[in-house]
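A closer look at the structure
Here is what each chain is made of, one letter per residue.
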Amino acid sequence: MKIITRDFGEAEIDEKTIITFPEGIIGFEQTKRYALLSPIGDGKYPMWLQSVEGAEPCFVVYDPTLVCPDYRFEISDEEQELLNMDEDTPHIMLAVAIVPDDYRKTTINLRCPIVVNLRDNIAAQVILTEHYDFKCPVYSEEG
């Protein structure tokens, strides 16, 4: 399937890899289907969470554990039901980035991660009660 991306023009994706957000993403509830693009190599971050319905919305995302190795949280029973998952379901967590002109000042939102059930390609953005930063720096000051 061909999609139009925000940053890379036209891209070919496998329809089986489309991730569905039953409730959308906060602020973009109407957009339900996304592709996870890895322009710098398979499984390498940052990745782009790109709507398959149009060039926007598109989010740059990171694995939050690469930035904050001790990052952990519990998924509520309601979220587990929405995601059709239990503690054994393969999943990934994604943190949405804010990338300014100076990419070295990129931050990720640790308070509202995206959880993706990899078995069924279902995802949801969750709002944590744990105290995590909305703007956690990705790159160290030393550079």
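Scroll up to find the structure this text is about.
A brief look at the structure comes next.

Cut-offs and rules
Residues numbered from 1 in each chain as written. Predicted model: local features only at pLDDT ≥ 70, side-chain atom pairs only at ≥ 80, totals over all residues. Heavy atoms only, no water. Patch = residues over 30% accessible without salt bridge, like charges linked within 9 Å, V, L, I, M, F, W, Y side chains within 5 Å. Areas by Shrake-Rupley, 256 points an atom, 1.4 Å probe, with all protein chains shown as cover. Salt bridge = Lys/Arg side-chain N within 4 Å of Asp/Glu carboxyl O. Helix = DSSP H or I, 4+ residues; strand = E, 2+ residues; numbered from the N terminus. Buried < 20%, exposed > 50% of the residue type's maximum accessible area, 1.4 Å probe, protein only. Core = buried A, V, L, I, M, F, W, Y, C linked by side-chain atoms within 4.5 Å. Contact = heavy atoms within 4.5 Å.

A look at a nonpolar patch on the surface
- Residues V99, Y103 and Y139 make up a contiguous nonpolar surface patch of roughly 290 Å² in combined accessible area.
- Along the polypeptide, Y139 turns up in the segment after β11 (136-137).
- Y139 gets classed as partly exposed once you look at its relative accessible area, which sits at 32%.

So, the nonpolar core
- Counting 44 residues, the largest nonpolar core has F21, L49, Y71, F73, I108 and I114 as the members making the most contacts within it.
- Of all the elements in the fold, those that place two or more residues in this core are β4 (33-37), β5 (47-51), β6 (58-62), β7 (91-98), β9 (114-117) and β10 (122-125).
- Sequence-distant contacts of I108, defined by excluding residues within four places in its chain, comprise Y62, P64, V67, A95, V96, A97, D133, F134, K135, C136 and V138.

Details of the environment of L94
- Mapped onto the secondary structure, L94 falls in strand β7.
- Distance from L94 to T106, taken between C-alpha atoms, is 15 Å for residues twelve residues apart in sequence.
- Those residues in contact with L94 that lie beyond four places of it in its chain are L36, Y45, V61, Y62, P64, P113, I114 and V116.

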